[in-house]
Amino acid sequence: PRIVETMAKELPAPNDETYLAALEVLREKFTEEEIQEIRDLPHRQSRKNYGKDNIFKRRLMVNQLAAASFSNQQIADTLIISKETVNSDREYARALYQQRILQNVDLHRARLLQEAIDLKDEALAAFGKSKIKSKTTYDAEGNMVSKLVEETAGDVGFLNVAKNLIAEQAKIVGLDKVIPGGKEEKSYQDFLKDLSQTIAKAEEEADEAKAKELAIEAQFIEAENVGPGGSQIISTIDERL
């Protein structure tokens with residue numbers, strides 16, 4: 001394919017303070033040759049021939065300057081690229097960063113959860129210790145005469161800490177965002193009424209099933225001897241009788 005040449009953008013003046021400051025930032029990680037190579041690419045190569053290595057370097061330079069609080073326009077002027085390219089490189093870095101965070105989110109959640117559990121256990125243990133108060137009596141020579149140990153209400157501040165940590169555990173595992181199944185609009189009397197109807201229906205179905213189980217099969221045949229009133233019906237019942 002034919003390489004389309006693009007016109008070189010006018011280089012910033014050597015004494016331009018913004019350019020010199022940006023150049024100083026880039027020199028922390030890149031050589032003069034690498035910086036100049038990226039600056040020369042737009043007017044001597046098409047995008048198709050830009051190369052993965054150069055794209056990688058350009059993105060690093062863009063984000064290094066962005067981290068140093070340079071604007072998109074200042075970054076574009078320094079590297080001789082368009083503002084759209086700068087914005088695209090910054091969006092790529094954001095997407096990559098978010099992707100890596102999501103990959104490690106379970107690991108971070110497990111670590112935070114364990115830390116919250118450990119702190120909660122320490123708070124409860126401290127509360128237990130705060131409930132025990134001791135009073136020791138010494139004689140004039142400094143010898144212990146008696147020691148009185150009693151249990152008090154304890155410092156409720158430790159319980160508040162434990163309570164807050166339990167709430168944090170719920171947030172970490174997402175239980176604080178669980179939506180209730182729905183508002184219960186029925187009163188307690190309505191609930192009892194529905195329950196009694198359900199039980200009655202179940203008993204009725206059970207009675208019907210029992211009746212079917214105990215039902216007797218019968219056949220009706222016409223008798224051979226017919227009386228004056230017409231045919232006489234004689235029933236024959238199942239052998240279960």
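Nothing here was measured: the structure is a model prediction, and the numbers come from that model.

A. Expanded view of the overall build of the protein chain. For the protein chain, the helix and strand inventory stands at eight helices and four strands. Listing every helix and strand of the protein chain by position from the N terminus yields α-α-α-α-α-α-β-β-α-α-β-β. Counting over 241 residues, the protein chain shows a buried share of 16%. Counting only carbon and sulfur atoms, one obtains 54% of the accessible surface of the protein chain, whose full area is about 19000 Å².

B. Structural context of helix α3 (residues 52–67). With 16 residues, α3 should cover 22 Å at 1.5 Å per step; its first-to-last C-alpha distance of 22 Å lies within 8% of that length. Among all positions in α3, only N54, R58, M61, V62, Q64, L65 and A66 are buried. Phi for S69, located one or two positions after α3, is positive at around 75°.

C. How the structure looks around unusual backbone geometry. The backbone of S69 sits at a positive phi, close to 75°, despite the residue not being glycine. Position of S69 relative to the elements: it lies in the loop between α3 and α4 (72–79).

D. Inspection of the nonpolar core at higher detail. Of all hydrophobic cores here, the largest spans 19 residues; its most connected members are M61, L65, I75 and L79. Among the secondary structure elements, those contributing two or more residues to this core are α1 (17–26), α2 (32–44), α3 and α4. The biggest single contributor to this core is α1, with five residues. Setting aside chain neighbours within four positions, we find L65 in contact with A22, V25, L26, F70, I75, T78 and L79.

E. Examining the packing of aromatic side chains more closely. Scanning the entire structure with this criterion turns up zero aromatic pairs. Lying across the ring of Y92, R59 places its NZ or CZ 3.8 Å from the centre.

F. Expanded view of the packing of α1 against α3. At a minimum axis distance of 10 Å, the contact between α1 and α3 shows a crossing angle of 115°. In this structure, α1 crosses over α3, and the sense of that crossing is right-handed. Together, A22, V25 and L26 of α1 and M61, Q64 and L65 of α3 make up the contact between the two elements. Of the residues contributing to the contact of α1 with α3, the split by class is five nonpolar, one polar and no charged.

Thresholds, definitions, all that
Residues numbered from 1 in each chain as written. Predicted model: local features only at pLDDT ≥ 70, side-chain atom pairs only at ≥ 80, totals over all residues. Heavy atoms only, no water. Helix = DSSP H or I, 4+ residues; strand = E, 2+ residues; numbered from the N terminus. Buried < 20%, exposed > 50% of the residue type's maximum accessible area, 1.4 Å probe, protein only. Areas by Shrake-Rupley, 256 points an atom, 1.4 Å probe, with all protein chains shown as cover. Expected span 1.5 Å × (residues − 1). Core = buried A, V, L, I, M, F, W, Y, C linked by side-chain atoms within 4.5 Å. Contact = heavy atoms within 4.5 Å. Phe/Tyr/Trp six-rings, centres within 6.5 Å; stacked < 30°, edge-to-face > 60°. Lys NZ or Arg CZ within 6 Å of the ring centre and 35° of its normal. Axes fitted to C-alpha atoms, helices over the stretch in contact; angles between N-to-C directions. Left-handed = near helix turned anticlockwise from the far one by under 90°. Nonpolar A, V, L, I, M, F, W, Y, C, P; charged D, E, K, R; others polar.

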